[in-house]
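Letter by letter, the chains look like this.
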Amino acid sequence: MSDLKFATLAVHAGQEPDPLTGAVNVPVYLSSTFELTGIGTDKGWDYSRAGNPTRDRVELALAKLEGGHSGHAFASGMAAIYALVATLHAGDHVICSHNVYGGTVRLFNMIVRHYGIEIQYVDMSDLEAVAAAIRPNTRLVHIETPTNPLMVLTDIAAVCQIAHARGVEVSVDNTFMSPVLQSPLQLGADIVMHSTTKFLNGHSDGLGGALVGSRPEHKARFMLVQKAAGGIMSPFECFLVLRGIRTLPLRMKQHEENGRAVAEFLSTHPKVKRLAYPGLKSHPQHELAARQQRGFGSMLSFDLGTRDAAGRFLAAIRVFLNAESLGGVESLASHSASTTHASLTDAEREAVGITDGLVRLSVGIEDKEDLIADLAQALAKV
Ligand SMILES: Cc1ncc(COP(=O)(O)O)c(C=O)c1O
């Protein structure tokens, strides 16, 4: 299997016909418990929190797509990020990219810090700052690249070199790129994290998260967190992600084409300021994006100046929907300050540049001419 190309893996890895019936789709095993064959013996599963046959398949598929040792499916992206730090101890230190998804900051600041784990936010585009932040008690460097919503990149290979020289693991939130456009483990990262809610599922009909580890110790660690803390992906959600994965390469092609077209249109529009799309030559990290990624994706953000202007734009869109989330087939627009980053204080948002006029787009797979026409008519009303 491992010598197959990505699009073939997406259709087949973990999705072999059911050995019992020959069904070409992975059955959804809606069973919390499994009959044992004796005392301490079973047919491979005993209780669904510890393991479920449908979950096994999506975990295998995710591990193959990311080129890792083991995959672990969680109830949401946040449950997966929680699993990254769940086995740390009081006194440990974590370094995190400084403008990440607001939910990650909420988890770290409002829950994980209370366990005595120190969290330090660092601008990871500054490699010297990363090196300076590492201490003897640093256990993890967590990167989100590109960041949500400002599309700031981190040089994964360079940060891994710095962290590994000091014995520190690196995890990468690969949600915005999907395994089609970026392979953090190949760039040296130890663990990849996904919100499968986004591109991997692709249809905005299920929540989920995943970790892919690169070594056997990750498998033991994350299986323990799944069994002990219980934040696992349900069998039905596993099925939805498996189904989504089969069309992921095709969808990403269209996302990419539409994302570029929309970014080019916005780049010449007089009402659009601070357009952030790594595929544009004007993006300060365009060269890094071209080197590190296999495309530029369909996420972008721009500033309309004021909250009112952003509100007028969001009220006027007709094909794009005013909604949180991303990575589904439908195009979405959202006001970051009041949605994904609402849990940050005004000062925290200002410090990273999430202004009141900022709008984020997740460009879907509709006809790009319809998308551009919709944006043009909505911007005319701003
Ligand atoms: C980059 C990123 N990471 C993690 C998450 C959290 O994922 P979930 O909503 O599945 O918990 C999100 C959600 O928007 C995200 O954008």
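Structure first, text after, so check above.
All values reported here derive from a predicted model rather than from experimental measurement. (Residues numbered from 1 in each chain as written. Predicted model: local features only at pLDDT ≥ 70, side-chain atom pairs only at ≥ 80, totals over all residues. Heavy atoms only, no water.)

**Student:** Account for the environment of T147, with residues named and values stated.
**Tutor:** Mapped onto the fold, T147 is located in the loop between β4 (138-144) and α6 (156-165). Sequence separation between T147 and I162 is 15 residues; the distance between their C-alpha atoms is 20 Å. Setting aside chain neighbours within four positions, we find T147 in contact with N99, V152 and F176. (Helix = DSSP H or I, 4+ residues; strand = E, 2+ residues; numbered from the N terminus. Contact = heavy atoms within 4.5 Å.)

**Student:** Can you tell me about the side chain of S70, naming the residues and giving the values?
**Tutor:** Mapped onto the fold, S70 is located in strand β1 (residues 70-74). Taking relative accessible area as the criterion, S70 reaches 5% and is therefore assigned buried. At 2.8 Å, the side chain of S70 and the side chain of H72 are in polar contact. Setting aside anything within four residues of it in sequence, one finds S70 in contact with A63, L211, V212, G213, H218 and K219. (Buried < 20%, exposed > 50% of the residue type's maximum accessible area, 1.4 Å probe, protein only. Polar contact = N/O pair within 3.5 Å; in protein donor to acceptor, adjacent residues only side chain to side chain.)

**Student:** I'd like to hear about the pattern of salt bridges, residue by residue, with values.
**Tutor:** Pairs can form between side chains of opposite charge whenever their charged atoms are close. Taken as a whole, this structure holds 15 salt bridges when the rule is applied. With a closest N to O distance of 3.3 Å, R55 and E59 form a salt bridge. Of the two residues, R55 and E59 are both situated in helix α2 (residues 53-66); the distance of four residues between them amounts to about one turn of the helix. This pair shows no difference in class: R55 is buried, exactly as E59 is. Connected through salt bridges with shared partners, the residues E169, D190, R215, E217 and R221 form a single ionic network. (Salt bridge = Lys/Arg side-chain N within 4 Å of Asp/Glu carboxyl O.)

**Student:** Let's hear about the site of the ligand: which residues, and what values?
**Tutor:** Near the ligand, the surroundings consist of 14 residues, among which G77, M78, D173, S195 and T197 are the closest. One of the side-chain N or O atoms of D173 is found 2.7 Å from a nitrogen atom in the ligand. If the ligand stood free it would expose 390 Å²; the protein chains cover 94% of that surface. At a threshold of 2 Å from the grid points, most atoms of the ligand map onto the second largest pocket. (Near = heavy atom within 4 Å. Areas by Shrake-Rupley, 256 points an atom, 1.4 Å probe, with all protein chains shown as cover. 1 Å grid on protein atoms, 1.4 Å probe; cavity = no way out; pocket = protein on both sides within 12 Å on 5 of 7 lines; lining within 4 Å. Sits in = over half its atoms within 2 Å of the grid points.)

**Student:** Residue-level account of the layout of surface pockets, with values.
**Tutor:** By volume, the largest pocket is sized at about 380 Å³. Considering the residues around the largest pocket, the lining is formed by 19 residues, among which A50, D56, E59, K219 and M223 are closest to the centre. Put simply, the parts of the chain that give the lining of the largest pocket at least two residues each are α2, β1 and α8 (216-229). No other element matches the five residues that α2 contributes to the lining of the largest pocket. Residue classes in the lining of the largest pocket are distributed as six nonpolar, seven polar and six charged. Taken as a whole, the second largest pocket encloses approximately 310 Å³ of empty space. (Points joined across faces, edges and corners; volume = space filled by probe spheres on them. Nonpolar A, V, L, I, M, F, W, Y, C, P; charged D, E, K, R; others polar.)

**Student:** Lay out helix α12 (residues 307-316) in plain terms, naming residues and giving numbers.
**Tutor:** Among the residues of α12, A309, A310, F313, L314 and A316 are the ones counted as buried. Here the buried residues of α12 occupy an arc of 165° about the axis, which is enough to place them on one side. Residues of α12 that are exposed and point over 90 degrees away from its buried face: D308 and A315. Lining the buried residues of α12 we find β9 (299-303), β10 (321-322), β11 (332-335), β12 (358-362) and α14 (368-380). (Arc of directions from axis to C-beta.)

**Student:** Give me the lowdown on α14, citing residues and values where you can.
**Tutor:** Taking 1.5 Å as the rise per residue, α14 with 13 residues should run 18 Å; its terminal C-alpha atoms sit 18 Å apart, in good agreement. Listing the buried residues of α14 in full gives L371, D374, L375, Q377, A378 and L379. Lining the buried residues of α14 we find α10 (248-267), α12 and β12. Put simply, D367 is the residue that caps the front of α14, since its side-chain oxygen is 2.8 Å from the backbone nitrogen of E369. (Expected span 1.5 Å × (residues − 1).)

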